[in-house]
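Close look at the chain arrangement
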Amino acid sequence: MEQGLRNYFVVTAGYWAFTITDGAIRMLVVLYFHLLGYSPFEVAMLFLFYEFFGIVTNLVGGWLGARIGLNLTMHIGMGLQVLALLALTVPDTWLSVPYVMAAQALSGIAKDLNKMSAKASVKYLSSGGEGKLFKWVAILTGSKNALKGAGFFIGAVLLEWVGFRGALALLAGMLVIVLITTALLLPSGVGKLKSKPKFTQVFSKVAAINRLAAARFFLFGSRDVWFVVGLPVFLYEVLGWSFSQVGGFLALWVIGYGLVQANAPRLLRLFQWGQTRLKTGGDSAPLKQTGGDTARLWAFVLLLFPAGIALGLQQDWPAQWVLIVGLILFGIVFAINSAVHSYLILAYSDHERVSMNVGFYYMANAGGRLAGTVLSGWAYQTQGLEGCLWWSAAFVLATALLSFGLPQIEESQRQPETQKG
């Protein structure tokens, strides 16, 4: 097997294992602390430091990866996640809001170190042009999200089967085994630059990357503003679903979302092919390369769904079916949006700055998740699930408007990044 492909598989497998623990710990904390009597807003606040330190980690992590190597930052992230899992196994009397927020901060640092490292590594491991890059990053990101959904389900089931602390201990043990295995298999120094970059270089001077980061902020805020707290609490409290039903449903949604994301290049080519046939009556015209116009189009399509779900609930249509159908459609289009963004940040970046650009971009991603998480608890408590959805629609609209400034790939790569506007 080609060395680059083998290393890509090892990175992907490590990312998968980490992602299962990330999804599981999220579901464990939401359900267990709701069971302990925490309000929706208090549950949301438990994740405040998780998201906040994700912002800091992505900013520093890209710079750190360029200095010490992406494989090392990935393994540091795994180690920190083990510590975060074990930190929550203490007795209930220790589980105050500040303590849990601190443990979640550790988990947030771990998650973003691991994610930044894995995704930036794809740029170094991939060879064969932009088509292969889009395919590899879509598979990595899509499979990760599918397994995060599996993590939701695993977390909910383990909570019922072995309890909160037993679930955390099992997850920590599994991740230790993966950490040791990937450390032995991966080469050292992936993404490490010969010249030590200054910390000030993490801030991009490329207009396309800055605009894409801003669009990413609002895109992920639009999901988490109703998905993190409002939706699971609504399913449990209003619709009367059990923990396993809530975890299973959200798991299936994220798994489906991940599968769509992994196949986004193929789906986009089919969509473009259909457009070509409608316009020309044949398929002789060349397919367009994925770029800024693709991101803009799919952002406007996404806008239809949170607004449509909110209107359906306000019209007193059957809430269960409105949410199930609406979530499926929202997930499909959101996955395409996310895959296009994940590809564009790598395509807009030069090899010399890819880890720092990816870190900067995921800093914006974490900022959007932070805003969405806090708003999810507050909006659900004050405005209900419909309010969460209208906030989501506003965030998607901001994403679509920011996408007007995103260039095509050819335009963004005509000159070295150091000379771009």
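Residues numbered from 1 in each chain as written. Predicted model: local features only at pLDDT ≥ 70, side-chain atom pairs only at ≥ 80, totals over all residues. Heavy atoms only, no water.

Take the overall build of the protein next. Counting its regular elements, the protein contains 15 helices and zero strands. Within the protein, the fraction of its 421 residues that count as buried is 59%. Within the protein, counting contacts between residues at least 6 apart in sequence, those at least 24 apart form 87% of the total. (Helix = DSSP H or I, 4+ residues; strand = E, 2+ residues; numbered from the N terminus. Buried < 20%, exposed > 50% of the residue type's maximum accessible area, 1.4 Å probe, protein only. Contact = heavy atoms within 4.5 Å.)

Oppositely charged side chains can form a pair if their charged atoms are brought close together. For the coordinates displayed, the defined rule picks out six salt bridges. One salt bridge in this structure joins Asp112 and Lys115, with 3.8 Å as the shortest N-O distance. Here Lys115 and Asp112 lie together in helix α5 (residues 97-125), a separation of three residues that amounts to about one turn. Among the charged side chains, a network of salt bridges with common partners joins Lys111, Asp112 and Lys115. (Salt bridge = Lys/Arg side-chain N within 4 Å of Asp/Glu carboxyl O.)

Here helix α12 (residues 292-314) spans 34 Å end to end across 23 residues, near enough to the 33 Å set by a 1.5 Å rise per residue. One or two steps after α12, the chain reaches Asp316, where phi turns positive at roughly 60°. (Expected span 1.5 Å × (residues − 1).)

What follows deals with the packing of aromatic side chains. To describe a pair of aromatic rings, you give the distance between the ring centres and the angle between the ring planes. Under the defined criterion, the tally for this structure stands at 19 aromatic pairs. Considering the side-chain rings of Tyr32 and Phe164, the 4.2 Å spacing of their centres and the 5° angle between planes classify their relative orientation as stacked. You can see Tyr32 sitting in helix α1 (residues 3-35) and its partner Phe164 sitting in helix α7 (residues 163-185), a full 132 residues away along the chain. For Tyr32, a relative accessible area of 10% gives the class buried. Their ring planes at 85° and their centres at 5.3 Å tell us that Trp241 and Phe249 sit as a pair that is edge-to-face. Among the aromatic residues, those joined into a cluster by ring pairs are Phe152, Phe220, Trp226, Phe227, Trp253, Tyr257, Phe330 and Phe334. Against the face of Phe47 rests Arg26, its NZ or CZ located 4.1 Å from the ring centre. The aromatic ring of Tyr50 is capped on one face by Arg26, whose charged end is 4.9 Å from the ring centroid. (Phe/Tyr/Trp six-rings, centres within 6.5 Å; stacked < 30°, edge-to-face > 60°. Lys NZ or Arg CZ within 6 Å of the ring centre and 35° of its normal.)

Our focus in this paragraph is unusual backbone geometry. Phi is positive for Asp316, which is not a glycine, with a value near 60°. Within the element layout of this structure, Asp316 appears in the loop between α12 and α13 (319-347).

Let us look at the confidence of the model for the protein. Predicted confidence across the protein gives a mean pLDDT of 82, with 84% of residues reaching 70 or more. pLDDT under 50 marks residues 283-287. Its contacts with residues more than four places away, or in other chains, come to eight contacts. Below pLDDT 50 for its whole length, residues 411-421 participates in 21 contacts with residues either more than four positions away or in separate chains. (pLDDT = per-residue confidence, 0-100.)

Once that is clear, we can look at the nonpolar core. One finds Phe33, Leu88, Phe164, Trp226, Leu250, Leu323 and Leu385 to be the most contacted residues of the largest nonpolar core, which totals 124 residues. Setting aside anything within four residues of it in sequence, one finds Leu88 in contact with Ile25, Val29, Leu95, Val100, Ala103, Gln104, Phe164, Arg165 and Leu168. (Core = buried A, V, L, I, M, F, W, Y, C linked by side-chain atoms within 4.5 Å.)

The interhelical angle for the contact between helix α4 (residues 70-87) and α7, taken along N-to-C directions, is 165°, at an axis separation of 9 Å. As far as their axial angle goes, α7 and α4 are roughly antiparallel. The two elements α4 and α7 meet at a crossing, and its hand is left-handed. Residues His75, Met78, Gly79, Gln81, Val82, Leu85 and Leu86 of α4 form the contact with α7, whose own contacting residues are Leu168, Leu171, Ala172, Leu175, Val176, Val178, Leu179, Thr182 and Ala183. Looking at the contact of α4 with α7 residue by residue, the classes come out as 12 nonpolar, four polar and no charged. (Axes fitted to C-alpha atoms, helices over the stretch in contact; angles between N-to-C directions. Parallel < 35°, antiparallel > 145°, perpendicular 65-115°, else oblique. Left-handed = near helix turned anticlockwise from the far one by under 90°. Nonpolar A, V, L, I, M, F, W, Y, C, P; charged D, E, K, R; others polar.)

Here the focus is the environment of Val82. Positionally, Val82 belongs in helix α4. What makes Val82 buried here is its relative accessible area of 10%. Taking the C-alpha atoms as reference, Val82 lies 7.9 Å from Gly173; in sequence the two are 91 residues apart. If we skip the residues at most four places from it in the chain, Val82 touches Ala172, Leu175 and Val176.

What follows covers the packing of α12 against α13. For the pair α12 and α13, the least separation of the axes is 9 Å and the interaxial angle reads 160°. As the angle between them shows, α12 and α13 are arranged roughly antiparallel. Our pair here, α12 against α13, has a crossing hand that is left-handed. Tallied by class, the residues present in the contact of α12 with α13 amount to 20 nonpolar, five polar and no charged.

There is a patch of nonpolar side chains on the surface, built from Trp321, Val325, Ile328, Leu329 and Ile332 and spanning about 470 Å² of accessible area. Here Leu329 shows up in helix α13. (Patch = residues over 30% accessible without salt bridge, like charges linked within 9 Å, V, L, I, M, F, W, Y side chains within 5 Å. Areas by Shrake-Rupley, 256 points an atom, 1.4 Å probe, with all protein chains shown as cover.)

In this section: empty space enclosed by the protein. All told, the structure shown has three cavities of 30 Å³ or more when counted by the stated rule. When its volume is computed, the largest cavity comes out at roughly 350 Å³. If you go around the largest cavity, you meet 31 residues; those closest to its centre are Asp22, Lys148, Phe152, Arg223 and Arg369. Of all the elements in the fold, those that place two or more residues in the lining of the largest cavity are α1, α5, α6 (130-161), α8 (207-227), α10 (243-262) and α14 (354-402). When residues of the lining of the largest cavity are assigned to their parent elements, the largest contribution, seven residues, is made by α1. Per-class residue counts for the lining of the largest cavity are 14 nonpolar, six polar and 11 charged. (1 Å grid on protein atoms, 1.4 Å probe; cavity = no way out; pocket = protein on both sides within 12 Å on 5 of 7 lines; lining within 4 Å. Points joined across faces, edges and corners; volume = space filled by probe spheres on them.)

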